[in-house]
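# Observations on the model geometry
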Amino acid sequence: MSPPTLPWPERYRPVRRSAEVAFWAILLLVQAAFNSVVTLIDLRSAGRPVAAWEPALWELSSVLVVGLLIPAIVAFERRFPLHWDTLRHHLPWHLVGSVAYCSIHLAGMMALRHLAYSSMGAEYRLSGPWWAQWGYEYLKDVRTYALIVSSLVGYRFLLLRLQGEARVLDRPEESPATPAGPPCATGPAAHEPPPPPPTSRPERFLVRKLRREFLIAASDIAWLQAEANYVGLHVNGHDYLVRSTLADFLTQLDPARFVRVHRSYAVNLDAVAEIEPLDSGDARLRMKDGSTVPCSRRYRSALAQPGAAN
């Protein structure tokens, strides 16, 4: 009997990073090729003599800098994600980000062009003052920046729909009110506030994935990762998302078992197999499922709790 075929999201996860890099590389190279041909045709039609390699160099220098900037845009978009509820506060930050993107893009591609021309004994000259060149490039770069950010938002939305989203199944019930003491109670005890009710935490989460619903136990969560406005739950080799911050979600888990080990990561101490110290003072946690989780030195003391790996 052949083993069951994993759903597409689970098969995609190991190659996700390679697929994302390949997507941007192919997209940028195709764009550079088409733009080079169009630019060459336009210049020769206008009667401007230009070597065939020059438009290719211009476009390649541009897309190379754009490719190097995409990881920074990804990190920036994670820091200021764009949703309907964050648009008002985060959109101004992205306008500032587009200005920084254009400035770095322009400086980087100009440096590459000057270097390439000088290596061939030629001189690269701007078509006008630098401020006019910046304004011209910004009109193009702001569209490219918006396209990249829109692609990231759409891609994340698609992965969310395919990957599934989790939510709390059983909400903590309201604890019954503490009965009032007898009317004749006197003394210091009469003025003491009632003890706080015991904290009730959900034991299970309902997961919707690919139009199916099933349960995961809180104790089965091996580690957690903050992902923009979501928390990724890693359970038995599967990933699920919960719309929450890492700090808020950890309040729903047992603090004796789940501890924060990084600004963006938390682990189930029972799922830690090995702690590997690093020269920087940080550590690398090897989990029982074979994955690794970074641990910053700021949170190393959390691993001293009972249940942490030795």
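Residues numbered from 1 in each chain as written. Predicted model: local features only at pLDDT ≥ 70, side-chain atom pairs only at ≥ 80, totals over all residues. Heavy atoms only, no water.

### Things to note about the nonpolar core
How we decide: Think of a nonpolar core as a cluster: buried Ala, Val, Leu, Ile, Met, Phe, Trp, Tyr and Cys residues, connected wherever their side-chain atoms sit within 4.5 Å. Burial status follows relative accessibility: with a 1.4 Å probe on protein chains alone, a residue under 20% of its type maximum counts as buried, one over 50% as exposed, and anything between as partly exposed. Helix numbers and strand numbers start at the N terminus; a helix is a DSSP run of H or I with at least 4 residues, a strand a run of E with at least 2. Here, two residues are considered to be in contact whenever any of their heavy atoms come within 4.5 Å of each other.
Counting 26 residues, the largest nonpolar core has Trp 58, Val 66, Ile 70, Ile 73, Tyr 101 and Ile 148 as the members making the most contacts within it. Of all the elements in the fold, those that place two or more residues in this core are α2 (16-45), α3 (53-79), α4 (87-119) and α5 (130-163). The greatest single-element share of this core, amounting to eight residues, is contributed by α3. If sequence neighbours within four positions are ignored, Ile 70 has contacts with Trp 24, Leu 28 and Ile 148.

### Let's talk about the pairing of strand β9 (residues 272-277)
Selection criterion: Strands are labelled as partners when DSSP assigns at least two bridges between them.
Bridge count for β9 against strand β10 (residues 283-287) is five bridges, and the pairing is antiparallel. By the bridge assignment, Glu 276 is partnered in β10 with Arg 284. Connecting β9 to the antiparallel partner β10 that follows it, the hairpin turn spans five residues, and Gly 281 within it adopts a positive phi of roughly 100°.

### Observations concerning the side chain of Ser 61
To be explicit about the condition: Under the rule applied, a polar contact is a pair of N or O atoms within 3.5 Å (in protein, one hydrogen donor and one hydrogen acceptor; residues adjacent in sequence only if both atoms are side-chain atoms).
Inspection of the secondary structure puts Ser 61 in helix α3. Side-chain polar atoms of Ser 61 contact the backbone oxygen of Trp 58, separated by 2.7 Å. Excluding residues within four positions of it along the chain, Ser 61 makes contact with Met 109, Leu 112 and Arg 113.

### Examining the sheet that holds β10
Stated precisely, the cut-off is as follows: Helix axes are fitted to C-alpha atoms over the stretch in contact, other axes to C-alpha atoms as well, and angles between N-to-C directions run from 0 to 180 degrees.
The strand order β9-β10-β11 describes an open sheet built from three strands, whose pairing is antiparallel. The sheet is open, and its two borders are formed by β9 and β11 (292-295), each paired with just one other strand. Neighbour-to-neighbour, the strand axes of the sheet open up by a mean angle of 25°, direction not taken into account. Alignment of β10 against β11, held across four bridges, turns out to be antiparallel. Bridged to Arg 286 within β11 is Thr 292.

### Focus on the environment of Leu 106
Looking at the secondary structure, you find Leu 106 in helix α4. Sequence separation between Leu 106 and Asp 141 is 35 residues, and the spatial gap between their C-alpha atoms is 9.2 Å. With sequence-adjacent residues up to four places away left out, Leu 106 is seen in contact with Gln 133, Trp 134 and Glu 137.

Structural measurements only, silent on function.
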